[in-house]
Amino acid sequence: MTLQELVHKAASCYMDRVAVCFDECNNQLPVYYTYKTVVNAASELSNFLLLHCDFQGIREIGLYCQPGIDLPSWILGILQVPAAYVPIEPDSPPSLSTHFMKKCNLKYILVEKKQINGTF
């Protein structure tokens, strides 16, 4: 059974229970998402990718983001395509990230909105 199948199975039983908790360790309360929220966000992303991307055998998608409450939904959304996700560390030097992206021959890279600052 795949990870996405396991999550969907758990979601079918526990839709309104907490699936994800993220604590930024900044003296604020942690943020929680239910299975319903995670699965809906993942499905929205996978539908978007299938509609707008021409995969033609390419099944790797870069994911350029910081850890956060949305990360599990993004990973799940990519896996549902189905595709492999390739994590790209935003804190790495831009030249290293660029080299890594070229080496992996990534055609598509999802970039977290707050990461868009011209570092590519």
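Residues numbered from 1 in each chain as written. Predicted model: local features only at pLDDT ≥ 70, side-chain atom pairs only at ≥ 80, totals over all residues. Heavy atoms only, no water.

As for the sheet that holds strand S5 (residues 108-111)
Here's step 1: Read across the sheet, three strands follow the order S4-S3-S5 without closing on themselves; strand pairing throughout is parallel. Both outer strands of the open sheet, strand S4 (84-88) and S5, are each paired with one neighbouring strand and no more. Shown here is a sheet whose adjacent strand axes are inclined to one another by a mean of 30°, direction ignored.
Here's step 2: Bridging between strand S3 (residues 60-64) and S5 involves four bridges; their strand directions are parallel. Paired with Leu63 across the two strands is Leu110, which belongs to S5.
Here's step 3: The strands touched by helix H3 (residues 71-79) are S3, S4 and S5; relative to S3, the strand with the most contacts, the crossing angle is about 170°. (Pairing = 2+ DSSP bridges. Helix = DSSP H or I, 4+ residues; strand = E, 2+ residues; numbered from the N terminus. Axes fitted to C-alpha atoms, helices over the stretch in contact; angles between N-to-C directions. Contact = heavy atoms within 4.5 Å.)

Notes on the UniProt feature "domain: AMP-dependent synthetase/ligase" (unreviewed entry) in the chain
Here's step 1: The positions UniProt marks with the feature "domain: AMP-dependent synthetase/ligase" (unreviewed entry) are residues 9-114.
Here's step 2: The annotated region residues 9-114 carries 41% helix and 22% strand content, and the separation between its end C-alpha atoms amounts to 32 Å. (UniProt positions renumbered as here; feature names shortened; annotations may be inferred.)

Comments concerning the side chain of Ser73
Here's step 1: Assignment of secondary structure puts Ser73 in helix H3.
Here's step 2: Looking at Ser73, its side chain comes within polar contact range of the main-chain oxygen of Val38, at 3.4 Å. (Polar contact = N/O pair within 3.5 Å; in protein donor to acceptor, adjacent residues only side chain to side chain.)

Here we look at the packing of aromatic side chains
Here's step 1: Tallied over the entire structure, the rule returns one aromatic pair.
Here's step 2: Ring geometry for Phe55 and Tyr108: centres 5.6 Å apart, planes at 65°, overall edge-to-face. With a gap of 53 residues between them, Phe55 in the loop between helix H2 (35-52) and S3 and Tyr108 in strand S5 connect regions that are remote in the sequence.
Here's step 3: Overall, the relative accessible area of 6% leaves Phe55 in the buried class. (Phe/Tyr/Trp six-rings, centres within 6.5 Å; stacked < 30°, edge-to-face > 60°. Buried < 20%, exposed > 50% of the residue type's maximum accessible area, 1.4 Å probe, protein only.)

Topic: the layout of surface pockets
Here's step 1: When its volume is computed, the largest pocket comes out at roughly 200 Å³.
Here's step 2: Residue lining of the largest pocket: Ala41, Glu44, Leu45, Leu63, Tyr64, Cys65, Asp70, Ser73, Trp74, Leu110, Val111 and Glu112, and that is the complete set.
Here's step 3: Only H2, S3, H3 and S5 provide two or more residues apiece to the lining of the largest pocket.
Here's step 4: Among the elements that line the lining of the largest pocket, the one with the most residues is H2, at three residues.
Here's step 5: Its residues placed into classes, the lining of the largest pocket shows eight nonpolar, one polar and three charged. (1 Å grid on protein atoms, 1.4 Å probe; cavity = no way out; pocket = protein on both sides within 12 Å on 5 of 7 lines; lining within 4 Å. Points joined across faces, edges and corners; volume = space filled by probe spheres on them. Nonpolar A, V, L, I, M, F, W, Y, C, P; charged D, E, K, R; others polar.)

Details of the pairing of S4
Each regular strand carries side chains that alternate between the two faces of the sheet.
Here's step 1: Pairing analysis gives five bridges linking S3 to S4, with the strands arranged parallel. Bridge pairing links Gly62 to Val86 in S4.
Here's step 2: With H3 bridging S3 and the parallel S4, this β-α-β connection has right-handed handedness. (Right-handed = clockwise from strand over helix to strand, strands pointing away.)

Observations regarding the packing of H2 against H3
Here's step 1: The contact between H2 and H3 brings their axes to 7 Å, and the two run at 45°. Relative to H3, H2 is oriented oblique. The chirality of how H2 crosses H3 is right-handed. Together, Thr37, Val38, Ala41, Ala42, Leu45, Ser46 and Leu49 of H2 and Ser73, Trp74, Leu76, Gly77 and Ile78 of H3 make up the contact between the two elements.
Here's step 2: Classifying every residue of the contact of H2 with H3 by side-chain character gives eight nonpolar, four polar and no charged. (Parallel < 35°, antiparallel > 145°, perpendicular 65-115°, else oblique. Left-handed = near helix turned anticlockwise from the far one by under 90°.)

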